[in-house]
Amino acid sequence: MSSTYLPPALGESAHEVFYPDVQTTVNLFAIHLRSVGTDWDYPAHEHPQYELNYVTEGEQHMMVNGTLYVQKAGELLLIPPGSIHSSHSRNGEGFTYFCMHFDIDDQLFLSLLARIKQVLFSADSPVTRQIEPVLHKLMSSADNQAASTMSQRMQLQSAVFELFGHLWEAVSHEAAQSFTEGYEKIELAHLIRTRLQGLMSQQFKQGHELDSHYGIDDIAAELGISSSHCNRVFKQVFGQSPRVVLSQMVLHEAKLLLGNPNLSVQNIAVMLGYKDIAHFSRQFKRWSGMSPSRYRQEQPALE
């Protein structure tokens, strides 16, 4: 287990900007580049992931939930989870396509994708133009026989996150006029969460007593909303109050610090802003079901 980031001493920084923590999980399935013949006929099926399908040569006929889409070279299909779809070649010609299935646990990103009712994007659409260079990067990585398996996996993940970034920009721009209050609420909740992450870092850095001030009033004031609205929106989106989520952040930091054998439990308690080790131990046991010492003992030893 790796050690967490240890912030500099107070007074050392003249300027400081907190970036949002990245805890997004992406799962990629059945990524492939395939050329098919004139008799290609893939039966109707469905899957719980999004499918991104891009034709490089020829013409694909894709039936999605009873609607036929004629997909030509340079055009993109974005098929939502659970959609029944089938693929066929037509006009006596085969075609070549790149396909990627994915799911992602970022609720803000998923909420955006869910509002996109368009399935087929033409070659000159902003969405296709935005992500096309990354698609070609993904396709060309398959030809790199010199790269190790681990290198290929890291490059693949890097390109996929780049693709998601471009997809977000393009799709959010196209859908800007149709966003509802629900989307704005999700975006506000994620903004509050980012501020909580900054608050957690400040408390960690300055040794604030975590139970004495949660900073929700300050966050609400900075965002120009009431504290009650801040708490209500956050709980509607995440299903938990800001206070509970902040506690989870503290528990995460505590577990990382306990993985560092050079730090005593007493040191960790002080670093996390607790008055004494007994208070920290009680809180950690309430959160995790075991004492800090017991948790440390049950972690695998570092080689």
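Residues numbered from 1 in each chain as written. Predicted model: local features only at pLDDT ≥ 70, side-chain atom pairs only at ≥ 80, totals over all residues. Heavy atoms only, no water.

## Focus on the overall build of the protein
What the protein contains, in helices and strands, is 10 helices and 9 strands. Each of the 303 residues in the protein was classed as buried or not, and the buried ones make up 39%. Sequence separation of 24 or more characterises 75% of the internal contacts of the protein that already satisfy a separation of 6 or more. Accessible area for the protein stands at about 16,400 Å²; split by element, carbon and sulfur atoms hold 51% of it. (Helix = DSSP H or I, 4+ residues; strand = E, 2+ residues; numbered from the N terminus. Buried < 20%, exposed > 50% of the residue type's maximum accessible area, 1.4 Å probe, protein only. Contact = heavy atoms within 4.5 Å. Areas by Shrake-Rupley, 256 points an atom, 1.4 Å probe, with all protein chains shown as cover.)

## Focus on helix 6 (residues 227–238)
Relative to the 16 Å expected for 12 residues at 1.5 Å per residue, helix 6 spans 16 Å between its end C-alpha atoms, a close match to the ideal helical length. Buried within helix 6 are the following residues: C230, V233 and F234. Considered in projection along helix 6, the buried side chains sweep an arc of 100 degrees and stay on one side of the axis. Remark: G239 follows helix 6 within two positions and exhibits a positive phi of approximately 75 degrees. (Expected span 1.5 Å × (residues − 1). Arc of directions from axis to C-beta.)

## Looking at the pairing of strand 5 (residues 67–72)
Within a regular strand, side chains alternate between the sheet's two faces. Two elements, strand 4 (residues 59–64) and strand 5, share 6 bridges in a ladder whose sense is antiparallel. Opposite H61, over in strand 5, you have V70 as the bridge partner. Between the antiparallel neighbours strand 4 and strand 5 lie 2 residues, among them N65 with a positive phi of about 50 degrees. (Pairing = 2+ DSSP bridges.)

## Observations concerning the pattern of salt bridges
In this structure the tally under the stated criterion is 3 salt bridges. Ionic pairing is found between E162 and K137, a salt bridge with its closest N-O pair at 2.8 Å. Of this pair, E162 sits in helix 3 (residues 149–174) while K137 sits in helix 2 (residues 126–141), and the two are 25 residues apart along the sequence. By relative accessible area, E162 is classed as partly exposed at 30%. A salt bridge links E298 to R294, with the nearest nitrogen and oxygen atoms 2.6 Å apart. Of this pair, E298 and R294 both sit in helix 10 (residues 292–298), 4 residues apart, which is roughly one turn of the helix. On the basis of relative accessibility, which here comes to 43%, the residue E298 falls in the partly exposed class. You can call R294 partly exposed: its relative accessible area is 45%. (Salt bridge = Lys/Arg side-chain N within 4 Å of Asp/Glu carboxyl O.)

## With respect to the nonpolar core
Ranked by size, the top nonpolar core spans 30 residues in total, and within it L196, I268, L272, F280 and F284 carry the most contacts. Elements with a minimum of two residues in this core: helix 4 (181–206), helix 5 (216–223), helix 6, helix 7 (242–258), helix 8 (265–271) and helix 9 (277–288). Of all the elements, helix 7 adds the most residues to this core, at 8 residues. Y50, I116, V134 and V171 belong to the second-largest nonpolar core, a separate cluster that totals 27 residues. (Core = buried A, V, L, I, M, F, W, Y, C linked by side-chain atoms within 4.5 Å.)

## Details of the sheet that holds strand 5
The strand order across the open sheet built from 4 strands is 2-7-4-5, with neighbouring strands paired in antiparallel fashion. Looking at the sheet topology across the chains shown, the edges are occupied by strand 2 (41–45) and strand 5. Across this sheet, the average inter-strand angle for adjacent strands is 20 degrees, counted without regard to direction. (Axes fitted to C-alpha atoms, helices over the stretch in contact; angles between N-to-C directions.)

## Quick notes on the packing of aromatic side chains
This structure, assessed with the given rule, holds 9 aromatic pairs. Consider the rings of Y274 and F280, whose centres lie 5.4 Å apart with planes at 50 degrees: the pair is tilted. Since its relative accessible area comes to 4%, Y274 is described here as buried. Note on F280: relative accessible area 0%, which makes it buried. Feature note: the residues W40, Y42, F95 and Y97 constitute an aromatic cluster, connected by ring pairs. (Phe/Tyr/Trp six-rings, centres within 6.5 Å; stacked < 30°, edge-to-face > 60°.)

## Here's the deal with the packing of helix 5 against helix 6
At a closest axis distance of 8 Å, the pairing of helix 5 and helix 6 adopts a crossing angle of 95 degrees. Between helix 5 and helix 6, the angle is such that the two are roughly perpendicular. Touching I216, D217 and A220 of helix 5 are S227, C230 and N231, all from helix 6. Here the contact of helix 5 with helix 6 is composed, by residue class, of 3 nonpolar, 2 polar and 1 charged. (Parallel < 35°, antiparallel > 145°, perpendicular 65-115°, else oblique. Nonpolar A, V, L, I, M, F, W, Y, C, P; charged D, E, K, R; others polar.)

## Some details on the confidence of the model for the protein
Residues of the protein with pLDDT of at least 70 account for 79%, and the chain-wide mean is 80. Low pLDDT, under 50, characterises residues 1–7; the stretch is placed with 19 contacts to residues that sit more than four places away or in other chains. The low-confidence segment residues 210–214, where pLDDT is below 50, has 12 contacts with residues more than four positions distant or belonging to other chains. (pLDDT = per-residue confidence, 0-100.)

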